[in-house]
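# Examination of the molecular architecture
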Amino acid sequence: MRKYLLMAACVMTGALTFTSCSDDDDDKDEKKASAEVEAIEKLSKQYVENVVYPTYTNLANQTEKLYEQLDKAKGAYRKGSLTQKDIDDICQTFLSARAYWEASEAFLYGPATTFGIDPHIDTWPLDLDALAVALKNADQVAMLDNGDDGIAYASAKLGQELLGFHGIEFIIFRNGNNRTLASLQANENDNAFTAINANVTGEQELIYATAVAGDLRDKCFQLEVAWRGDSAAKSHRDRVEECEYETQIGSLYFGDNMLNATHAGSTYSTWQEVLVTIFDSGCSNIANEVANTKMGLAYTGEDPNYIESPYSKKSFRDFYDNILSIKNSLYGNIDSASPASASAMSLLKASNAKLAGSLEAALQAAQAALQACQQGTAFVDDPKSAKVKAAIDAINELDEQLAACTNWASAIK
C-alpha cells in the first residue's frame with residue numbers, strides 16, 4: 001500500500017510541476033501578446049500622426065498653390081504678361097504636389113477610396129478626343145471660366161477622364177519638358193484638336209487647367225480634413241464644408257477611427273486589424289498595383305496606352321514615390337534612413353528578425369530597380385525594356401514579403 005501511495009504522490013507532484021510550467025508558459029504568452037498589442041497601438045499613432053497627416057497636409061498645400069499659380073497665369077495671359085518663368089514655376093509646383101500624392105498611395109484604403117477621390121483626381125489615360133471637343137465648345141469654356149462656380153462645373157460635368165492631375169499635366173508639359181510660352185501662345189496643335197479643327201487657344205487651355213486645379217485642390221482638402229478633422233487648416237475645413245464633401249466614417253474622422261481601435265464607434269475591433277490594414281490594404285495593395293497594373297499592363301502589351309504621366313514623362317518617378325509610400329508606412333516617418341522606434345518595421349525586427357530582414361531587402365531592391373529605370377528611357381517611350389521587367393520582378397518580391405508580414409500580423413492574438 002505504501003508503494004502505491006508513494007507512486008500516487010509522485011504522479012501528483014509531476015502533475016503539479018507540469019501544471020505550474022504550463023501556467024508559466026501561458027503567462028509568458030499573455031505578456032508577449034500584451035506587449036505586441038501595446039506596440040501596435042503606439043506604432044499606429046506614429047503612422048497616422050507622422051506619415052498620413054503630414055503627407056496629406058503637404059498635398060493640400062501644394063495643390064492650393066498650384067491653383068493659385070494657374071489662376072494668376074490665366075490673368076497674366078490675358079494681359080500679355082505671362083512669362084516662361086511663370087510656366088516653369090507652375091510645373092515645379094505640379095511635380096511637388098504630384099510627388100505627395102504618389103507618396104500617399106500606401107493609404108488609399110481611407111477616404112481616397114471610400115469617397116471615390118482616387119479615380120476622380122488620378123484617372124488615366126487622359127481622354128484627349130473628349131478634351132478637344134470640350135474646349136472647342138465656347139459655352140462650356142465660359143462655364144469653366146467662372147471662379148468657384150467654374151470649379152463646381154468642372155467637378156460635376158467634365159468626368160474623371162478629363163479631371164485631376166493628368167488634364168493639368170497635358171496643358172503644362174509636352175514630351176517630357178515644361179510647356180513653352182510660344183507653344184501656349186499658339187493654337188493647340190495636338191492631333192486630337194487639329195482633327196476636328198478645334199482652334200483652341202492657350203487662354204482656353206488655361207481656363208480649363210485652372211478650373212480643374214481648383215477641383216483637384218478641393219478634393220485634396222477633403223482628403224486632409226477626412227483624416228485630420230479639426231487639426232486641418234481652418235481655411236481648408238471651411239472650403240470642404242462649403243463644397244459639402246463627406247469627411248467621416250460613421251461619427252469619426254479617419255485618423256480618429258484608426259487611433260480609437262477597440263473603442264465604440266471605430267471600425268477596428270482590434271489593434272491587430274490596424275496592423276493588417278497597414279500591411280495588406282495599404283502597402284501590399286499599392287505594390288501589386290504598381291507591378292501588375294501601372295507597369296504590367298503596358299509591359300505585357302495588354303494595354304499599351306495605360307501609361308501614367310506620359311506628358312511630363314515622370315512615370316518612373318510616380319512608381320518610385322509609390323514604393324516610398326510603402327517605406328514611409330513601414331518606417332513610421334517620411335523618407336528617413338531608419339525606422340522610428342514605434343513603427344511596423346521596428347516591431348517586426350523585434351518579433352521576427354528574419355522576416356524583417358527579408359522585407360527590408362525587398363524594399364531596398366524595389367527602390368533600386370526604379371532608380372535604375374529613372375536613369376534610362378522614359379516609360380512611355382519604352383515600356384517593355386529589361387529595366388522595366390527587373391523593376392516589376394523586384395516589386396512583386398516586395399509584395400510577397402508584405403503578404404508574409406500580413407500573415408504574421410494576422411497570427412498575433
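About the cut-offs
- Residues numbered from 1 in each chain as written.
- Predicted model: local features only at pLDDT ≥ 70, side-chain atom pairs only at ≥ 80, totals over all residues.
- Heavy atoms only, no water.
- Helix = DSSP H or I, 4+ residues; strand = E, 2+ residues; numbered from the N terminus.
- Buried < 20%, exposed > 50% of the residue type's maximum accessible area, 1.4 Å probe, protein only.
- Contact = heavy atoms within 4.5 Å.
- Areas by Shrake-Rupley, 256 points an atom, 1.4 Å probe, with all protein chains shown as cover.
- Lys, Arg positive; Asp, Glu negative; His and termini not counted.
- Charge placed at Lys NZ, Arg CZ, Asp CG, Glu CD.
- Core = buried A, V, L, I, M, F, W, Y, C linked by side-chain atoms within 4.5 Å.
- Arc of directions from axis to C-beta.
- Salt bridge = Lys/Arg side-chain N within 4 Å of Asp/Glu carboxyl O.
- pLDDT = per-residue confidence, 0-100.
- Polar contact = N/O pair within 3.5 Å; in protein donor to acceptor, adjacent residues only side chain to side chain.
- Axes fitted to C-alpha atoms, helices over the stretch in contact; angles between N-to-C directions.
- Parallel < 35°, antiparallel > 145°, perpendicular 65-115°, else oblique.
- Left-handed = near helix turned anticlockwise from the far one by under 90°.
- Nonpolar A, V, L, I, M, F, W, Y, C, P; charged D, E, K, R; others polar.
- Disulfide = S-S within 2.5 Å.
- Phe/Tyr/Trp six-rings, centres within 6.5 Å; stacked < 30°, edge-to-face > 60°.
- Lys NZ or Arg CZ within 6 Å of the ring centre and 35° of its normal.

### With respect to the overall build of the protein
- Looking only at helices and strands, the protein features 19 helices and two strands.
- Along the first, second and third principal axes, the C-alpha set of the protein runs to 115 × 50 × 30 Å.
- For the protein, buried positions account for 51% of its 413 residues.
- Sequence separation of at least 24 residues holds for 74% of the intrachain contacts in the protein that already meet a minimum separation of 6.
- Total accessible area on the protein is roughly 18300 Å²; 49% of this is exposed by carbon and sulfur atoms.
- The average position of the 35 basic charges and that of the 59 acidic charges among the side chains of the protein differ by 5 Å.

### What to know about the nonpolar core
- Membership of the largest hydrophobic core comes to 119 residues, with the highest contact counts inside it found for Phe193, Tyr208, Leu275, Met295, Ile326 and Leu330.
- The biggest single contributor to this core is helix H1 (residues 2-79), with 15 residues.
- With residues up to four places along the chain from it excluded, the contact list for methionine 295 reads Val290, Phe316, Phe319, Leu370, Phe379, Val388, Ala391, Ile392 and Ile395.
- If you look at the next biggest cluster of nonpolar residues, it comprises seven residues, including Ala60, Ala232, Val240 and Tyr253.

### Overview of helix H7 (residues 147-157)
- Taken together, the buried positions of H7 are Gly150, Ile151, Tyr153 and Ala154. For H7, the angular spread of the buried residues around the axis is 160 degrees, confining them to a single face. Exposed and oriented more than 90 degrees from the buried face of H7 are Asp149 and Ala156.

### What to know about the pattern of salt bridges
- The final tally for this structure, using the stated rule, is 27 salt bridges.
- Across the pair arginine 239 and aspartate 148 runs a salt bridge, and its minimum N-O distance is 3.5 Å. Taken together, the residues arginine 239 in helix H12 (residues 234-243) and aspartate 148 in helix H7 connect sequence positions 91 residues apart.
- Under the relative-accessibility criterion, arginine 239 is labelled buried at 11%.

### Observations concerning the confidence of the model for the protein
- Per-residue confidence for the protein averages 93 on the pLDDT scale, and 92% of its residues sit at or above 70.
- Ignoring residues within four places in sequence, the model shows residues 1-20, a span with pLDDT below 50, making zero contacts including any to other chains.

### As for the environment of glutamate 205
- Among the secondary structure elements, glutamate 205 is positioned in helix H11 (residues 202-228).
- As for glutamate 205 and asparagine 187, which are separated by 18 residues in sequence, their C-alpha atoms are 9.6 Å apart.
- In terms of polar contacts, glutamate 205 uses its side chain to reach the side chain of arginine 179, at 3.2 Å.

### Re the packing of H11 against H12
- Between H11 and H12, the shortest axis-to-axis distance is 9 Å and the interhelical angle comes to 110 degrees. With respect to each other, H11 and H12 are oriented roughly perpendicular. As H11 runs across H12, the sense of the crossing is left-handed. Across the interface between the two elements, Arg217, Asp218, Phe221, Gln222, Glu224 and Val225 of H11 pack against His236, Arg237, Arg239, Val240 and Cys243 of H12.
- When grouped by side-chain class, the residues that make up the contact of H11 with H12 number four nonpolar, two polar and five charged.

### Describing the packing of helix H14 (residues 271-294) against helix H19 (residues 386-410)
- Across the interface, H14 lies against H19 with an axial gap of 9 Å and an inter-helix angle of 165 degrees. If you check the angle between H14 and H19, you find them roughly antiparallel. Read as a crossing pair, H14 and H19 show a hand that is left-handed. Between H14, through Gln272, Leu275, Val276, Phe279, Asp280, Cys283, Ser284, Ala287, Asn288, Val290, Ala291 and Asn292, and H19, the contact on the second element is made entirely by Ile392, Ile395, Asn396, Asp399, Leu402, Cys405, Thr406, Trp408, Ala409 and Ser410.

### Regarding the environment of tyrosine 208
- Within the fold, tyrosine 208 resides in helix H11.
- Take tyrosine 208: its relative accessible area is 1%, and that puts it in the buried class.
- Taking C-alpha positions, tyrosine 208 is 9.8 Å from methionine 143, a pair spaced 65 residues apart along the chain.
- With residues near it in sequence (within four places) discarded, tyrosine 208 still touches Leu126, Leu131, Leu135, Leu144, Leu158, Leu162, Gly167 and Ile171.

### Regarding the state of the cysteines
- Tallying each qualifying case throughout the model produces zero disulfides.
- Between cysteine 283, a cysteine without a disulfide, and cysteine 405, which holds the nearest cysteine sulfur, the sulfur-to-sulfur distance is 9.0 Å.

### Things to note about the packing of aromatic side chains
- For the structure shown, the criterion picks out 15 aromatic pairs.
- On the numbers, 5.5 Å between centres and 80 degrees between planes, the contact of tyrosine 56 with phenylalanine 107 is edge-to-face. Residue tyrosine 56 is located in helix H1, and its partner phenylalanine 107 is located in the loop between helix H2 (84-102) and helix H3 (111-114); the two are separated by 51 residues in the primary sequence.
- Judged by its relative accessible area of 0%, phenylalanine 107 is buried.
- Site record: aromatic cluster; members linked through ring pairs are Phe94, Trp101, Phe165 and Phe173.
- The ring of phenylalanine 165 has arginine 98 sitting right over it, with the charged end atom 4.9 Å from the ring centre.
- Of note, arginine 174 hangs over the ring of phenylalanine 170, and the distance from its end group to the ring centre comes to 3.8 Å.

### Topic: unusual backbone geometry
- Residue proline 125 is reached from tryptophan 124 by a cis peptide bond, and omega for that bond is 0 degrees.
- Residue position: proline 125 is located in the loop between helix H4 (117-121) and helix H5 (128-136).
- A positive phi angle, near 55 degrees, is found at asparagine 175, a position not held by glycine.
- Even without being glycine, glutamate 244 reaches a positive phi, approximately 60 degrees.
- Mapping glutamate 244 onto the fold places it in the loop between H12 and helix H13 (254-259).
- On the basis of relative accessibility, which here comes to 71%, the residue glutamate 244 falls in the exposed class.

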